[in-house]
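This is what each chain is made of:
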Amino acid sequence: MEPSPAKGKPQGRLLVSTTLDAKDELEERLERCVGIVTSLTNGLSEREANDAITANVCKGPQQHEEVCLGLFALLLTEPPQAQRCYRDLTLVNRDGMNVILIKINQILMEKFLKLQDVCRTQLVWLVRELVKSGVIGADGVLMTLMKQIAGGDITSKNLWLAENVLDILLDQREWVLKSGMLIAMSVYTYLRLIVDHGTPALLVLRQKEVDLCIGLLREKFMECFIIGRDLVRLLQIVARIPEMELLWKDLLHNPQALSPQFTGLLQLLTARTSRKFLACRLTPDMETKLLFMTSRVRFGQQKRYQDWFQRQYLSTAESQSLRCDLIRYICGVVHPSNEVLSSDILPRWAIIGWLLTTCTSNVAASNAKLALFYDWLFFSPEKDSIMNIEPAILVMHHSMKPHPAITATLLDFMCRIIPHFFPPLEGQVRQGVFNSLTFIMEKRVLAHLAPLFDNPKLDRELRSMLRERFAEFCSSPSPPTEGRDEGESVSLEMDNHVLLDKEDGCYDNTEAAFSDDEEEVNNKGNKKREFRFHPIKEAVIEEPADITPFVDQLDDTMKEKVLQLQKGRLVEWIDTEAHCEVMQEIVDLVLEEDFDSEQMSTLASCLAELFKGHFRGDVLPDDITEESLEESVCKPVCLVFRNLCQMQEDNSGFSVLLEMLAELYQKQPKIGYHLLYYLRASKAAMGKMSLYESFAQATALGDLHTCLMMDMKACQEDDIRLLCYLTPSIYTEFPDETLRSGELLNMIVAVIDSTQLQELMCHVMIGNLVMFRKDSVLNILISGMETFEQYSAWQLFLAHSIPLETIIPILQHLKYKEHPEALSCLLLQLRREKPSGEMVKMVLSRPCHPEDQFTTSILRHWAALLIKNNNMPRKRQSLRSSSSKLAQLTLEQILEHMDNLRLNLSNTKNSCETHTHCFTILKHTHLSCNSTLLQASQVTAQAPASSPRSRKGAVTPVSNEEESASSSASVGLPKATSFLNPV
């Protein structure tokens, strides 16, 4: 039986919540905006209401946003008013629905699972209306909505969402065909969902999905080509469907039937799939949980997290197909930093091994293994990443002892996939697998492969097949490859990935245990193996830019200019100025009125490929001067930034260039922080940092905060010096986005060194940087960080002039084992402060623990101050004022800390005098406590009661011994306690 709403908090109209949930900030804000709209229109006719709303919107940006959000909230929660609210929205909005698009994206990414059913229905209806109206940015919202369709889930709600999004794509086909990314994302999503909809009850839905995919693939194949090799993997799984079989045969044997630019299957299989597509098949909630496990959960403690994930997403028969999505995501998207790789965080191979053991169907297991090895088949060290192939080899290596059957089945699959994947390409597949194994050894992921390939735990037939296929890797040890630059070939002993080998029990979720490898080595008389971590450095080999699939789709004039850029790239941009002129001519062509906007995506693909060399290496000059900064922004790609800065926002070309940048951003995400750098470093961009907000709103993300955090994260991963250089201006220009949470601060302190920390502290002291504000500082400082990160965060906080009283309440939340850095910094700060009543209250409110010396040490310090100032006159009033605050604490809390202090002081030279003052404090506490409590305690202890207090607070004098006995009895302490008997 559900609890009555009347006994808890009232249920919100937007989100489902329980009595334990805090009030949602977004829901509260939308409710306030509804109240504003209601107050403006209450009692008015429809025409008068429209006039009132319009007049209010014209007052300023804040009123515009409030009215738009109010109408948006009414639209979601009041279906009968939806049509009128949408009509009013289209009439009064002044930003192309940007406020609404941002809020929809936020709800989809953060609140969709909590939406009331009515609101979920209305939200999908609103997205449909935005698409029908051709609102700029609606394609991004639709792709975000598509991400909420879960794979391996045939519950009614998920099927309803899949069908409604599918109807939007089918009904608005002409609009869909204008967005290359939407075409590719739709094909990737529904090719994957077709697998789940094979039951008789879902055949009608499946047929609609098949029709959509075939139509888009045949009509816009080169737009779908950007998916890369995973397009082949998805098509292969559904190729037995009759309509799909025809397309599959054309793909294999008649590629020109799909597109004149398509040369054949190999062209597609050698193209690496972008992270965007691999990530789109996980819902935001799945993605968050998976990223949490790979970045925060320690190896050996993963059982409860895996159990939760399995219950939530992997417990049904239909969910077998989801394993492939998860494995492809882990291999292609989750690339941990070197710091995580060298820590005891749950490694990727352990999660993949666990997923493989949960496969209960042979088809699902086969597809999961193919997903794991897919990047191996056509691996090219120049184009592909070591991180994509590393999990498979480590699953096999670490499973050999605890789960030899897993290792055997994976090795068998690796051998058999070479001749059977696609016989005409057997040579290329063999070379891809050979390249993968060679690269694994070069990067020292494993020192050598012979112990894996020729292990006695494998059966004889399998070992024979491995020796036949991979004879080069079966001799131990292999000599180093000749001609290799040792500076690039750095060692990574991945078998010590997590504090030696912790394979045992890694899949069956038992407690991880150390292996006996080292004992075996020692028994042979060798020295104990020394484990060292060395970060992976991938050698960057600049391959020729392949723009063939795209350049032929451009008109002749644009094609000529793009080819000039390609020619210049091949000669290493010798004449940078000349090629900047070519880039300017391309920008001018884009700004012409007759430019075909449908070419924008194709042009962006060409430019992203041609400019990829600009996004490698450090951006910030070693020696920062005005001249070096200007020189660093004199690249062809910066021409787009410069033109944008020179335009007014109401210029029609401004939105065109924003669209161009947004398309480039989809192909090359690093362009975001390069734009931030240009706006910070270039004289031509002085005072133009607000342009970044317009850029963020023009992207598919459509949200300044999300876009900014993603760009700063990319900057953190690529160039820490640049991150520190941008930090002051980012905090100054975007305070609402940076100060409301600790997200950016966590990024910074996670990577900076002591020198960079000192530089940031100087910026704070000078006044160029503010990283905290009073309303959010507490939440930021108690967020989970590592030791140096916490130290850095506290040093940055202390550089600000925020009063200590602002953060003193944090003491109640800090635990001595979990927050030692915070407590150390607070201890040193309190040492410099004069104790106030509030400080004493907060210090004494901490739980008492024998090992937690925080309260004891600061009380001892303050006691020393009392001794030093013993002869200073004291005012009775100040004591009474302090006691009123101390009375809010329990006697047990105060006396536990005082007893700890007594024990700590018992052997010091000042113990006698200090005890006297502590006794005075105890007397004062006795007088401050509730008289009823005292009388009850004294009766229980059968001690003589002290004289009652008069109304004015006077007390009948008693001897020290009597007061001592009374105080001791009232709190249950022994009478003979030395603390209460001063010498």
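Position numbers for residues start from 1 in each chain and track the written sequence from start to end. With pLDDT at 70 or above as the cut-off, local features in this predicted model cover only qualifying residues; side-chain atom pairs require 80 or more to be listed or tallied, and sums for whole chains, interfaces and linings still use all residues. To obtain the side-chain values, all non-hydrogen atoms of the structure were used and water was disregarded.

## Remarks on the overall build of the chain
The condition that has to hold: Numbering of helices and strands runs from the N terminus, with a helix taken as a DSSP run of H or I at least four residues long and a strand as a DSSP run of E at least two residues long. Only protein chains enter the calculation, and the probe is 1.4 Å; a residue is then buried if its accessible area is under 20% of its type maximum, exposed if over 50%, and partly exposed in between. Only heavy atoms matter for contacts: two residues are in contact if any of them lie within 4.5 Å across the pair. For every accessible area listed, the method is Shrake-Rupley and the probe measures 1.4 Å; residues are considered covered only by the protein chains on display.
Along the backbone of the chain there are 53 helices and zero strands. The burial tally for the chain puts 51% of its 983 residues in the buried class. In the chain, of all internal contacts separated by at least 6 residues, the share reaching a separation of at least 24 is 73%. In the form shown here, the chain has an accessible surface area of approximately 46,100 Å², with 52% of it arising from carbon and sulfur atoms.

## Focus: the packing of aromatic side chains
Rules: Think of it this way: a Phe, Tyr or Trp ring, Trp meaning its six-membered ring, pairs with another when their centres are within 6.5 Å, and the plane angle makes it stacked under 30 degrees, edge-to-face over 60, tilted otherwise. Here, over-ring charges are defined by two tests on the NZ atom of lysine or the CZ atom of arginine: distance to the ring centre within 6 Å, and angle to the ring normal within 35 degrees.
In total, this model carries 22 aromatic pairs according to the counting rule given. Judged by centre distance (6.2 Å) and plane angle (70°), the ring pair of Tyr-374 and Phe-421 falls under edge-to-face. With Tyr-374 in the loop between helix 22 (362-373) and helix 23 (386-399) and Phe-421 in the loop between helix 24 (404-420) and helix 25 (426-442), this residue pair connects regions lying 47 residues apart in the sequence. We classify Phe-421 as buried; its relative accessible area is 11%. Taken together through their ring pairs, the aromatic side chains of Trp-308, Phe-309, Tyr-313 and Trp-354 make up a single cluster. Arg-120 extends its terminal NZ or CZ atom over the ring of Phe-112, reaching a point 5.2 Å from the ring centre.

## A word on unusual backbone geometry
One non-glycine residue, Met-97, adopts positive backbone phi at about 65°. Tracing the backbone shows Met-97 in the loop between helix 4 (82-92) and helix 5 (98-110). A positive phi angle, close to 60°, is found at Arg-444, a residue other than glycine. For Arg-444, a relative accessible area of 29% translates into the label partly exposed.

## Concerning the side chain of Gln-666
Within the secondary structure, Gln-666 sits in helix 35 (residues 652-667). The contact partners of Gln-666, leaving out residues within four places of it in the chain, are Met-143, Met-181, Lys-276 and Ala-700.

## A look at helix 23
Cut-off, in case you're wondering: In a helix, the anticipated span is given by 1.5 Å times the number of residues less one. A 3.5 Å cut-off defines polar contacts: any pair of N or O atoms within that distance qualifies, except that in protein one atom must be a possible hydrogen donor and the other a possible acceptor, and neighbouring residues in sequence count only when both atoms are side-chain atoms.
Its 14 residues give helix 23 an end-to-end C-alpha distance of 20 Å, which sits within 8% of 20 Å, the value for a rise of 1.5 Å per residue. Counting buried positions along helix 23 gives 13 out of 14 residues, so the element sits mostly inside the fold. Capping of helix 23 at its N-terminal end is provided by Ser-385; its side-chain oxygen lies 3.1 Å from the backbone amide nitrogen of Met-387.

## Some words on the nonpolar core
Let me state the cut-off plainly: In these notes, a set of buried Ala, Val, Leu, Ile, Met, Phe, Trp, Tyr and Cys residues joined through side-chain atoms within 4.5 Å is what counts as a nonpolar core.
Counting 179 residues, the largest nonpolar core has Trp-376, Ile-393 and Phe-453 as the members making the most contacts within it. The element contributing the most residues to this core is helix 10 (residues 180-194), with 11 residues. Not counting residues within four places of it along the chain, the set of residues in contact with Ile-393 comprises Trp-376, Leu-437, Ile-440, Val-445, Leu-446, Leu-449 and Leu-452. Core analysis: the next-biggest nonpolar cluster, separate from the first, contains 112 residues, Leu-554, Val-619, Leu-657 and Tyr-673 among them.

## A short note on a negative patch on the surface
To be explicit about the condition: Candidates for patches are residues over 30% relative accessible area with no salt bridge; among them, like charges are joined within 9 Å and nonpolar side chains (Val, Leu, Ile, Met, Phe, Trp, Tyr) within 5 Å. We count a salt bridge whenever a side-chain nitrogen from Lys or Arg sits within 4 Å of a carboxyl oxygen from Asp or Glu. Positive charges are assigned to Lys and Arg, negative charges to Asp and Glu, while His and the chain termini are left out of the count. To locate a charge, take NZ of a lysine, CZ of an arginine, CG of an aspartate or CD of a glutamate.
On the surface, a cluster of negative charge is made up of Asp-555, Asp-556, Glu-560, Asp-588, Glu-592, Glu-593, Asp-594, Asp-596 and Glu-598. Turning to its location among the elements, Asp-556 is positioned in helix 30 (residues 556-570). On the basis of relative accessibility, which here comes to 65%, the residue Asp-556 falls in the exposed class.

## What about the pattern of salt bridges?
Per the stated rule, a full pass over the model turns up 35 salt bridges. Across the pair Asp-196 and Arg-192 runs a salt bridge whose closest N-O atoms are separated by 3.1 Å. Within this structure, Arg-229, Asp-230, Arg-233, Arg-328, Asp-375 and Asp-384 form a network of salt bridges that share partners.

## Details of the packing of helix 24 against helix 27 (residues 460-469)
Selection criterion: Helix axes are fitted only over the stretch in contact, all axes being lines through C-alpha atoms; the angle between N-to-C directions runs from 0 to 180 degrees. Should an angle fall under 35 degrees it is called roughly parallel, over 145 degrees roughly antiparallel, and 65 to 115 degrees roughly perpendicular, with every other angle called oblique. Each crossing is labelled by how the near helix is turned from the far one, with a counterclockwise turn of less than a right angle marking it left-handed and a clockwise turn marking it right-handed. Residue classes follow a fixed rule: Ala, Val, Leu, Ile, Met, Phe, Trp, Tyr, Cys and Pro count as nonpolar, while Asp, Glu, Lys and Arg count as charged, and any other residue, Gly among them, counts as polar.
The N-to-C vectors of helix 24 and helix 27 enclose an angle of 45°; their axes lie 10 Å apart at closest approach. Judged on the interaxial angle alone, helix 27 and helix 24 are oblique. Handedness of the crossing formed by helix 24 with helix 27: left-handed. Across the interface between the two elements, Ala-408, Leu-411, Asp-412, Met-414, Cys-415, Arg-416 and Pro-419 of helix 24 pack against Glu-461, Leu-462, Met-465, Leu-466 and Arg-469 of helix 27. For the contact of helix 24 with helix 27, the residue count by class is eight nonpolar, no polar and four charged.

## Observations regarding helix 35
For an α-helix the count is 3.6 residues per turn, leaving residues at separations of three or four pointing the same way. Helix length check: helix 35, at 16 residues, gives a terminal C-alpha distance of 24 Å against a target of 22 Å (1.5 Å per residue), a fit within 8%. For helix 35, every residue scored as buried is listed here: Gly-653, Phe-654, Leu-657, Leu-658, Met-660, Leu-661, Ala-662, Glu-663, Leu-664, Tyr-665 and Gln-666.

## Some remarks on the side chain of Arg-128
Checked against the element boundaries, Arg-128 lands in helix 6 (residues 117-132). Its relative accessible area of 19% is what places Arg-128 among the buried residues. Ignoring anything within four residues of it in the chain, the contact list for Arg-128 reads Asn-164, Asp-167, Ile-168 and Asp-171.

## A closer look at the environment of Leu-212
Looking at the secondary structure, you find Leu-212 in helix 11 (residues 203-219). For the pair Leu-212 and Leu-169, spaced 43 residues apart in sequence, the C-alpha separation works out to 8.1 Å. Look past the residues within four positions of Leu-212 in its chain and what remains in contact with it is Leu-166, Leu-169, Leu-170 and Tyr-190.

## Topic: the packing of helix 1 (residues 25-41) against helix 3 (residues 61-77)
A pair of packed helices is characterised by two quantities: the angle between their axes and the separation of those axes. The N-to-C vectors of helix 1 and helix 3 enclose an angle of 100°; their axes lie 7 Å apart at closest approach. Between helix 1 and helix 3, the interaxial angle falls into the category roughly perpendicular. Residues Arg-29, Leu-30, Cys-33, Val-34, Ile-36, Val-37 and Leu-40 of helix 1 form the contact with helix 3, whose participating residues are Glu-65, Glu-66, Val-67, Leu-69, Gly-70, Leu-71, Phe-72, Ala-73 and Leu-74. Residues that form the contact of helix 1 with helix 3 fall into these classes: 12 nonpolar, one polar and three charged.

## Some points on the confidence of the model for the chain
Do not read the predicted coordinates in detail wherever pLDDT is low. For clarity, the cut-off: Confidence of the predictor at the level of single residues is captured by pLDDT, which takes values from 0 to 100.
Overall, the predicted model of the chain reaches an average pLDDT of 79, with 77% of residues at or above 70. Ignoring residues within four places in sequence, the model shows residues 1-9, a span with pLDDT below 50, making seven contacts including any to other chains. In the predicted structure, residues 930-983 sits below a pLDDT of 50 and forms 56 contacts with residues beyond four places in sequence or in another chain.

## Describing the environment of Thr-602
Inspection of the secondary structure puts Thr-602 in helix 32 (residues 600-610). The buried category is assigned to Thr-602, whose relative accessible area is 9%. If we skip the residues at most four places from it in the chain, Thr-602 touches Phe-550, Gln-553 and Leu-554.

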